[in-house]
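Topology and contacts: notes
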Amino acid sequence: MTDLRAAVAAGVMGADHAYRELLQATVEVARAIFKAKASSVFLLDEETDELVFEAVAGEGAETLVGQRFPSSTGVAGWVLVTRQPLVVDDLTKDTRFSREAAESTGYVPRGIMAVPLLAEDKVLGVLEVLDRPQDSAFTLAEMDLLGLFGNQAAIALELLQRARRARAALDGESELARFAARLEDAPDETRAAGLELLRSLERLLG
Amino acid sequence: MSVLAHESDEDLPAWSLPATAGDSIRLPSSWPERVTREWAWGGATGAGVRVCVLDSGVELDHPLIGPIQRSVAVTKEGDEVVVADDDSGDLCGHGTACAGIIRAFAPECEITSVRVLGAGYTGSAAVLLGGLEWAINEGFDIVNMSLSTTKKQYVDRLHELADSAYFKRTMLVASAHNMPVESFPWRFAAVVSVGSHESPDPYVFYANPNPPVEFFARGLNVEIAWLGGETITATGNSFATPHVAGLSALIMSKHPELTPFQLKSVLHLTATNVGGGE
C-alpha cells in the first residue's frame, strides 16, 4: 500500500508539473501568435473570490505568478462576470485603470484582449493577451483565435486543478488519506482490526 | 359564454377560441406592404420607451449618457436576493459602455440601470436571475443583457423568465457567445441574440439564417463610454448587443403596440441582408 501511495503521489506530482508546463506553453504561444508584449492566465479562487496569476509569458513573467486581486476588478473581472470575450484599446486614457494596473503589476498595458476560461458550466478563470501591435486593425478572426486559445487554456487549467486536488488528498488533507496513513503505521493487530472494520463498512455501503 | 379574457368581466385565461369568436379578437393592423427602415424608426427618438441595462451599473451623468431614470443594485443577503436603489454608479465600466450605445441610438429613451455584476463573482448567477425577474416585473420595453451564465442549475429558471418576459411584452436582447460552451439566455428563442460583424456602420445589422445567433451588429472597434466621462475603443458581442437594443428602442417608440414577436419580425425585415438597409 505504501508503494501504491508513493506511485500515485509521484504520478500526481508529475501531472501537476506537466499541466503547469502546458498552461505556460499556451500563454507563450498566444503571446507569439498575437505578437503581443505579454499573455497571462488567471485562475479564479472561489473561496476568496480572487483572481490569481497562474501563468505569465513576457512582461511580468518573473514576478506576477501567484499575485492576486479581487475577482470583479479590471478587464479580467469584466470578462469573468459577463462570460464574454472582450478587447479594449487605449487603456492608458483611463487614469484609474492605469494606476491600479501599475500598483498591482508594475506594468500598464495599452490594450488588452481577454476571454473567459469555461469548462462545462464552470468559469475557471481568464486568459489575457496584452499589447498586440496597434498598427494593424483588430479583426473578429483574431477574436475567434483568442477563443480557441481560451479553450486550450481552460483544459490545462482544469487538469491542473484536478491534479492539485488529488495531491491535497494525498498530502493528508482528506480524512480518508489520513486514516489510510495511520492504518498503515499501526501495529499488526490494530491494523487487522482496522481492516476488519473497513470491510464491515464496505458491506454496509453495499 | 365567451372564454375570451378581454370580453369577460373576469380575467379568464384564453385557452381556446369558439368558432364564432374570430371577429371579436380582430387586431388592428397598420403594417405596410413593405416594412422599410423609414416606416420602422424614421423620425423616432426613443421617447416613451423604457430600457433596462442589466449590467455593472451606469456611471452617473456620463456626457454620452446624461441623466438616467433610475439606478438599482441587486445583492444577495444570505439566501435572499435584495433589489435596492443605489447611487454608486458603475463598478467596472461595462454597463456604462452599453448605456452609451443605447443612448446614441435613442436619445430620448428612459434608461434604468440594474446592477447585477461587479460585486464579486460568488452568487452572481442568483443575483443575475433576481435582477432579471425584477426587470420583467417592472415591465420594461427592452432589457439589454450583454452577459450570460453557464450555470446549469439556473437554466430552467432563466428559461421560464425569458418566456414570461416574451409574453409580458418585454424584449430581452442578449449577447451571444463565440466560444463552444453552452451559455444562456442568448440561446433561448424568446430573446433576441446578438453577435458581432466587422462593419463600422452602426446601422448595419444582419439577420442570421443559421441561429441560435439571430442577428449580427457592430461589435468591432466600437467607441464606447468609459468610466470618468471618457471614451475608449473596444470589441466584443457585449457592444453589438446594445446596438440592437437601441434600434429596438427606436422601433418601439414609433410603434409601441408591437409585441416581442412583432418587434423581432421588424428587426428581421429591416436587416441589411433582408431589406437591403432601406
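Residues numbered from 1 in each chain as written. Chains lettered and ligands numbered in written order. Predicted model: local features only at pLDDT ≥ 70, side-chain atom pairs only at ≥ 80, totals over all residues.

A few words now on the overall build of chain A. In terms of regular secondary structure, chain A is built from 6 helices and 6 strands. Its helices and strands taken in sequence order, chain A reads α-β-β-β-α-β-α-β-β-α-α-α from the N to the C terminus. Split into buried and exposed, the 206 residues of chain A put 37% on the buried side. Contacts in chain A between residues far apart in sequence, at least 24 positions, make up 55% of those at least 6 positions apart. (Helix = DSSP H or I, 4+ residues; strand = E, 2+ residues; numbered from the N terminus. Buried ≥ 20, exposed ≤ 12 C-beta atoms within 10 Å, placed from the backbone. Contact = placed C-beta atoms within 7 Å.)

With that settled, the discussion passes to the sheet that holds strand β4 (residues 86-89) of chain A. Judged by pairing direction, the sheet is antiparallel, and its 8 strands sit side by side in the order β3(A)-β2(A)-β1(A)-β6(A)-β5(A)-β4(A)-β11(B)-β10(B) without closing on themselves. Each edge of the sheet is formed by a strand with only one pairing partner; in this case those strands are β3 (68-70) of chain A together with β10 (222-226) of chain B. Pairs of neighbouring strands in the sheet enclose a mean axial angle of 30 degrees, with direction left out of account. Two strands pair when backbone bridges link them, and strand β5 (residues 112-119) of chain A and strand β6 (residues 122-130) of chain A are joined in this way by 8 bridges, in the antiparallel orientation. What sits directly across from A:A119, in β6(A), is A:K122. On top of the sheet, helix α2 (residues 74-82) of chain A reaches β1 (38-45), β2 (50-58), β4, β5 and β6 of chain A; it is set at about 35 degrees to β5(A), its chief contact. The strands that helix α2 (residues 94-105) of chain B touches are β10 and β11 (230-235) of chain B; relative to β10(B), the one it contacts most, it runs at about 120 degrees. (Pairing = 2+ DSSP bridges. Axes fitted to C-alpha atoms, helices over the stretch in contact; angles between N-to-C directions.)

The subject of this paragraph is the pairing of β4(A). As defined by bridge partners, β4(A) adjoins β5(A) across 3 bridges and the pair is classed as antiparallel. Paired with A:V88 across the two strands is A:I112, which belongs to β5(A). With 3 bridges connecting them, β4(A) and β11(B) associate as antiparallel partners. Counted as the bridge partner of A:D89 is B:T233 from β11(B).

Residues and elements named next belong to chain B. Pairing is mixed in the open sheet, where 9 strands are placed in the order β3-β2-β4-β1-β5-β6-β7-β9-β8. Looking along the sheet, the strands with just one partner apiece sit at the ends: β3 (80-85) and β8 (206-207). As paired strands, strand β1 (residues 50-55) and strand β4 (residues 110-115) are joined by 6 bridges and run parallel to one another. In the sheet register, L54 faces β4, and the bridge partner there is V114. Lying over the sheet, α2 contacts β1, β4 and β5 (142-145), oriented at roughly 155 degrees with respect to β1.

Here we come to the interface of chain B and chain A. In this complex, chain B contributes 38 residues to the contact, which on the side of chain A involves 34 residues. Per-element tally for the side of chain B that touches chain A: the top contributor is β11(B), with 5 residues. For the side of chain B that touches chain A, the per-class residue count stands at 14 nonpolar, 20 polar and 4 charged. (Nonpolar A, V, L, I, M, F, W, Y, C, P; charged D, E, K, R; others polar.)

Turning our eyes to something else, we now look at the pairing of β1(B). Residues and elements named next belong to chain B. Of all 6 residues making up β1, 6 are buried, and the element is well covered by its neighbours. Relative to β5, β1 runs parallel, the two sharing 3 bridges. Counted as the bridge partner of V51 is I142 from β5.

The next thing to look at is helix α6 (residues 188-205) of chain A. Helical periodicity: at 3.6 residues per turn, an α-helix aligns residues three or four positions apart in one direction. Residues and elements named next belong to chain A. Taking 1.5 Å of rise per residue, the 18 residues of α6 would be expected to cover 26 Å, and the 25 Å separating its terminal C-alpha atoms lies within 8% of that figure. The element α6 is largely exposed, with a buried count of 0 among its 18 residues. Backbone geometry just after α6 places G206 at a positive phi near 75 degrees. (Expected span 1.5 Å × (residues − 1).)

Residue and element names in this part refer to chain B. Two elements in contact, helix α5 (residues 237-254) and helix α6 (residues 260-270), have axes whose closest approach is 11 Å; the angle formed by their N-to-C orientations is 110 degrees. The angle between the axes of α5 and α6 places the two elements in the roughly perpendicular class. Handedness of the crossing formed by α5 with α6: right-handed. Between α5, through V244, S248, I251 and M252, and α6, the contact on the second element is made entirely by L263, V266 and L267. For the contact of α5 with α6, the class distribution of residues is 6 nonpolar, 1 polar and no charged. (Parallel < 35°, antiparallel > 145°, perpendicular 65-115°, else oblique. Left-handed = near helix turned anticlockwise from the far one by under 90°.)

Attention now moves to the nonpolar core. Soluble, globular proteins show a tendency: their nonpolar side chains are buried together. Within the largest apolar cluster, 133 residues are counted, with the highest numbers of intra-cluster contacts made by B:V51, B:I102, B:V173 and B:A249. Not counting chain neighbours up to four residues away, the residues in contact with B:I102 comprise B:V51, B:C109, B:I111, B:N144, B:P242, B:A245, B:G246 and B:A249. (Core = buried A, V, L, I, M, F, W, Y, C linked by C-beta atoms within 7 Å.)

This part covers the packing of α2(B) against α5(B). All names here are of chain B. Running from amino to carboxyl end, α2 crosses α5 at an angle of 35 degrees, the nearest separation of the two axes being 8 Å. By crossing handedness, the relation of α2 to α5 is classed as right-handed. Contact with α2, carried on its side by H94, A97, C98, I101, I102, A104 and F105, involves S238, F239, P242, H243, A245, G246, L247, A249 and L250 of α5 and no other residues of that element. Classifying every residue of the contact of α2 with α5 gives 12 nonpolar, 4 polar and no charged.

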